[in-house]
Amino acid sequence: MKLSEWARQRGVSDQTAWWWVKDAKMPVPVRQAPSGTWLVDEVAAVQSSGRVVTYCRVSSAGRKAGLGRRAARVVLGANGLGLAVAEVVSEVGSGVDGERRKLHRLLSDPQAAVIVVESRDRLAWFGVEYLEAVLLASGRRLVVLDPPGTTEDLVRDISEVPASMCARLYGQRAAKDRVARAVAVATGEAAG
């Protein structure tokens, strides 16, 4: 795949990826085609690096029924990239806090060379860049199947953060109502 496409999938700017190539700091093999285009050979790098593990998460027990379907999508996506999945880790837990035992076990397992997730927010809402940097520093990788979210995802995320915080304070139903009212006021849709 082209270097620019590889960079976009990981949330890195094209310029940063190019500097990594220039400074020989790319975490995957890269080569220059005769046309001058830089190409990333990600499949070859993954196959030689070790065990591939997928991580799937849903935020509540009410959504646990969809966890199996999500896991199947991630495994199919990983296989589509030429990755042979050795283990599937599924968990129910919030993306905001750090109280996910299975994720802790996975991140501390040095044999899990490649961790595949469906999207960045399925791993964590915040700080995925830090997790990715730590994994790269230890010779491991994070593969995100879906590209970074659109502005609609950003709007959804912005409303979910206060919902999560309000839920802790006031309970689930009241939290949704408070967030809906806050969004209505912020967008000028509140009844005058």
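Residues numbered from 1 in each chain as written. Predicted model: local features only at pLDDT ≥ 70, side-chain atom pairs only at ≥ 80, totals over all residues. Heavy atoms only, no water.

A. View of the overall build of the protein. On a plain count of helices and strands, the protein comes out with 9 helices and 6 strands. Burial analysis of the protein (192 residues in total) assigns 33% to the buried set. Put simply, of all contacts in the protein between residues at least 6 apart along the chain, 61% involve residues at least 24 apart. When the accessible surface of the protein is summed, it comes to about 11400 Å², and 56% of that surface belongs to carbon and sulfur atoms. (Helix = DSSP H or I, 4+ residues; strand = E, 2+ residues; numbered from the N terminus. Buried < 20%, exposed > 50% of the residue type's maximum accessible area, 1.4 Å probe, protein only. Contact = heavy atoms within 4.5 Å. Areas by Shrake-Rupley, 256 points an atom, 1.4 Å probe, with all protein chains shown as cover.)

B. The arrangement of the environment of Gly80 in detail. Within the secondary structure, Gly80 is located in helix H4 (residues 67–80). Classification of Gly80 by relative accessible area gives exposed; the value is 66%. In sequence terms Gly80 and Leu145 are 65 residues apart; their C-alpha atoms lie 10.0 Å from each other.

C. Just the packing of aromatic side chains, in detail. Inspection of every chain in the model, using the stated rule, returns 1 aromatic pair. Considering the side-chain rings of Trp18 and Trp19, the 5.4 Å spacing of their centres and the 80° angle between planes classify their relative orientation as edge-to-face. (Phe/Tyr/Trp six-rings, centres within 6.5 Å; stacked < 30°, edge-to-face > 60°.)

D. The pairing of strand S3 (residues 51–58), seen in detail. Burial of S3 is extensive: 7 of the 8 residues sit out of reach of the surface. In this sheet, strand S4 (residues 85–92) lies alongside S3 in parallel orientation, the contact comprising 7 bridges. Looking at S4, one finds that Tyr55 is bridged to Val89. Taken together, S3, H4 and S4 constitute a β-α-β crossover, and its handedness is right-handed. (Pairing = 2+ DSSP bridges. Right-handed = clockwise from strand over helix to strand, strands pointing away.)

E. Just the environment of Ser94, in detail. Mapped onto the elements, Ser94 comes out in the loop between S4 and helix H5 (101–108). Under the relative-accessibility criterion, Ser94 is labelled partly exposed at 22%. Taking the C-alpha atoms as reference, Ser94 lies 8.9 Å from Ser164; in sequence the two are 70 residues apart. Not counting residues within four places of it along the chain, the set of residues in contact with Ser94 comprises Arg57, Ser59 and Arg100.

F. Main features of the sheet that holds S3. Read from one edge to the other, the open sheet built from 4 strands follows the order S4-S3-S5-S6, with strand pairing classed as parallel. Strand pairing shows two members of the sheet lacking a second neighbour, S4 and strand S6 (141–144), which therefore form its edges. Going across the sheet, the axis of each strand differs from the next one's by a mean of 25°, ignoring polarity. As paired elements, S3 and strand S5 (residues 112–117) share 4 bridges and run parallel to each other. Residue pairing for S5: Val53 is matched across the bridge by Ile115. (Axes fitted to C-alpha atoms, helices over the stretch in contact; angles between N-to-C directions.)

G. The arrangement of the nonpolar core in detail. Tyr55, Leu106, Ile115, Val117, Leu123 and Leu142 are the most contacted members of the largest nonpolar core, which has 14 residues in total. Looking at this core element by element, the count peaks at 3 residues for S5. Every residue in contact with Tyr55, bar those within four places of it in the chain, is listed here: Val89, Glu91, Arg100, Leu103, Leu106, Ile115, Val116, Val117, Arg122 and Leu123. Val74, Ala78, Leu83 and Val143 belong to the second-largest nonpolar core, a separate cluster that totals 12 residues. (Core = buried A, V, L, I, M, F, W, Y, C linked by side-chain atoms within 4.5 Å.)

H. Seen up close, the pattern of salt bridges. Applying the stated criterion to the full structure yields 7 salt bridges. As a salt-bridge pair, Glu87 and Arg51 come within 3.0 Å of each other at their nearest N and O atoms. Highlighted residues: Glu87 in strand S4 and Arg51 in strand S3, separated in sequence by 36 residues. Classification of Arg51 as partly exposed rests on a relative accessible area of 28%. Close ionic contact of Arg120 with Glu129 constitutes a salt bridge, the shortest N to O distance being 3.5 Å. The exposure class assigned to Glu129 is partly exposed, which follows from its relative accessible area of 47%. It is possible to trace a salt-bridge network through shared partners that takes in Arg51, Glu87, Arg105 and Asp109. (Salt bridge = Lys/Arg side-chain N within 4 Å of Asp/Glu carboxyl O.)

These values are about where atoms sit, not about what they do.
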